[in-house]
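Residues per chain are reported as follows:
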Amino acid sequence: FDKMSVASIAQDKKLVSGLISLIQSNSSPHASEQDVDEECRLFDEFVKRFMNEYNFSDFSHIIKSDEDSIRPSTSGNFFLQLFYAVLDNRFLDGKWQSIASANHRLVVLICLRLLMRDSSFQRRFLLRGGTDELVTLFISEGSRHYRDIEILREGQYP
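The rules behind each value
Residues numbered from 1 in each chain as written. Predicted model: local features only at pLDDT ≥ 70, side-chain atom pairs only at ≥ 80, totals over all residues. Heavy atoms only, no water. Phe/Tyr/Trp six-rings, centres within 6.5 Å; stacked < 30°, edge-to-face > 60°. Helix = DSSP H or I, 4+ residues; strand = E, 2+ residues; numbered from the N terminus. Buried < 20%, exposed > 50% of the residue type's maximum accessible area, 1.4 Å probe, protein only. Lys NZ or Arg CZ within 6 Å of the ring centre and 35° of its normal. Salt bridge = Lys/Arg side-chain N within 4 Å of Asp/Glu carboxyl O.

1. Describing the packing of aromatic side chains
Reasoning step 1: Per the stated rule, a full pass over the model turns up 10 aromatic pairs.
Reasoning step 2: Between Phe46 and Phe50 the ring centres are 5.0 Å apart and the planes differ by 40°, which places this aromatic pair in the tilted class. Of this pair, Phe46 and Phe50 both sit in helix H2 (residues 33-50), four residues apart, which is roughly one turn of the helix. The burial state of Phe46 is the same as that of Phe50; both residues are buried.
Reasoning step 3: Their ring planes at 50° and their centres at 6.3 Å tell us that Phe46 and Phe79 sit as a pair that is tilted. Here Phe46, found in helix H2, pairs with Phe79, found in helix H3 (residues 78-91); they are 33 residues apart in sequence, far enough to count as distant. Across the pair, exposure class does not vary: Phe46 and Phe79 are buried alike.
Reasoning step 4: Through successive ring pairs, a cluster of aromatic residues spans Phe46, Phe50, Phe56, Phe79, Phe83, Tyr84 and Phe121.
Reasoning step 5: The ring of Tyr54 is capped by Arg117, whose NZ or CZ atom sits 4.2 Å from the centre of that ring.

What follows is the structure, encoded as structure tokens:
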């Protein structure tokens, strides 16, 4: 690697590890507004940085964790650690509904969508029960959307 790519890799590692740390430390629905804003900012930065990436599994030999991971199988890949942090702390088991901000929910979904471009992450999503949660989310958000449209048609504004 040249100096530019080493610096870029260090920045990527810092971004992803910072996001993982923030997600795990803010697992309570009562996180401060400042922490939620910072998490959204880091999600946005992640999306901008990796919007053209499709294979996050290939990064495992480039971005390695220096620390022991809670999940030994993910210790070599920060992106897989991020994927599990988002699934476990922001998406699965109804945690999605505890996210108050619509913007926060949106960046969580965008991050999952980007990571699931990688086929190995898609399999992990299926195995963890992500499809059931996604169906529930679509039903809930779809119902809300159509309820709002009906309110607008009837002239009743919230």
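2. Structural notes on the pattern of salt bridges
Reasoning step 1: For the structure shown, the criterion picks out five salt bridges.
Reasoning step 2: Between Arg49 and Asp12 there is a salt bridge, with its nearest N and O atoms 2.7 Å apart. Here Arg49 is found in helix H2, whereas its partner Asp12 is found in helix H1 (residues 3-25), with 37 residues between them in sequence.
Reasoning step 3: Overall, the relative accessible area of 36% leaves Arg49 in the partly exposed class.
Reasoning step 4: Among the residues examined, Asp12 registers a relative accessible area of 4% and is labelled buried.
Reasoning step 5: Here Arg41 makes a salt bridge to Glu45, at a shortest N to O gap of 2.8 Å. On the criterion of helical spacing, the pair formed by Arg41 and Glu45 is a turn pair, its members being four residues apart in helix H2.
Reasoning step 6: We classify Arg41 as partly exposed; its relative accessible area is 40%.
Reasoning step 7: Its relative accessible area of 36% is what places Glu45 among the partly exposed residues.
Reasoning step 8: One salt-bridge network, held together by shared partners, links Glu38, Arg41 and Glu45.

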